[in-house]
Amino acid sequence: MTIFKEIVDEEFLTVSETKELLADIEAERALDEDRELPYELARAIEHANRFTALEPEEAQQLVDDLQELEKVDEPTAYKITNLLPRNRDELRSVYSQQRYTLSGDELDDILNVVAKYA
């Protein structure tokens, strides 16, 4: 038997924003000495700490700048911000599930925006 939960709200976050939220949860749980961090939470905190490259404000600004480009929608902007691709091949992997492909110029435009922040 599977129990499904209803999705109440959904919001995209950058790894930087996630790191801040997880740090708050970690600090809150550290106050209770009898309460240990669950394995999944500890791994999520470790992942966020390892892969955060930008400050939350910078990451959000990058998302906004990417969304100004024609072929970048909101979910893709967040993926690109979290991955910070450095070359065309890395960026193409973000678009691999899309029904369209980007030209070299479009890829370069996106990479130029990322390069300002990375």
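Provided above is the structure to which this section pertains.
Residues numbered from 1 in each chain as written. Predicted model: local features only at pLDDT ≥ 70, side-chain atom pairs only at ≥ 80, totals over all residues. Heavy atoms only, no water.

At their nearest, the axes of helix 3 (residues 56–67) and helix 6 (residues 104–115) sit 10 Å apart, and the two run at 160° to each other. By the angle class used here, helix 3 and helix 6 are roughly antiparallel. The crossing of helix 3 and helix 6 is right-handed. Facing L62, D65 and L66 of helix 3, the residues of helix 6 in contact are I110, V113 and V114. Partitioned by chemical class, the residues of the contact of helix 3 with helix 6 number five nonpolar, no polar and one charged. (Axes fitted to C-alpha atoms, helices over the stretch in contact; angles between N-to-C directions. Helix = DSSP H or I, 4+ residues; strand = E, 2+ residues; numbered from the N terminus. Parallel < 35°, antiparallel > 145°, perpendicular 65-115°, else oblique. Left-handed = near helix turned anticlockwise from the far one by under 90°. Contact = heavy atoms within 4.5 Å. Nonpolar A, V, L, I, M, F, W, Y, C, P; charged D, E, K, R; others polar.)

The end-to-end C-alpha distance of helix 2 (residues 39–51), which contains 13 residues, comes to 18 Å, matching closely the 18 Å that a straight helix rising 1.5 Å per residue would cover. Those residues of helix 2 that are buried are in contact with helix 1 (15–30). (Expected span 1.5 Å × (residues − 1).)

The next point concerns the packing of aromatic side chains. Throughout the structure, instances matching the rule amount to two aromatic pairs. With 5.6 Å between their ring centres and 20° between their planes, F12 and Y78 make a pair best called stacked. In this pair, F12 is assigned in the segment before helix 1 and Y78 in helix 4 (residues 74–83), connecting sequence segments 66 residues apart. Ring geometry for Y95 against Y100: centres 6.3 Å apart, planes inclined by 55°, an arrangement best described as tilted. (Phe/Tyr/Trp six-rings, centres within 6.5 Å; stacked < 30°, edge-to-face > 60°.)

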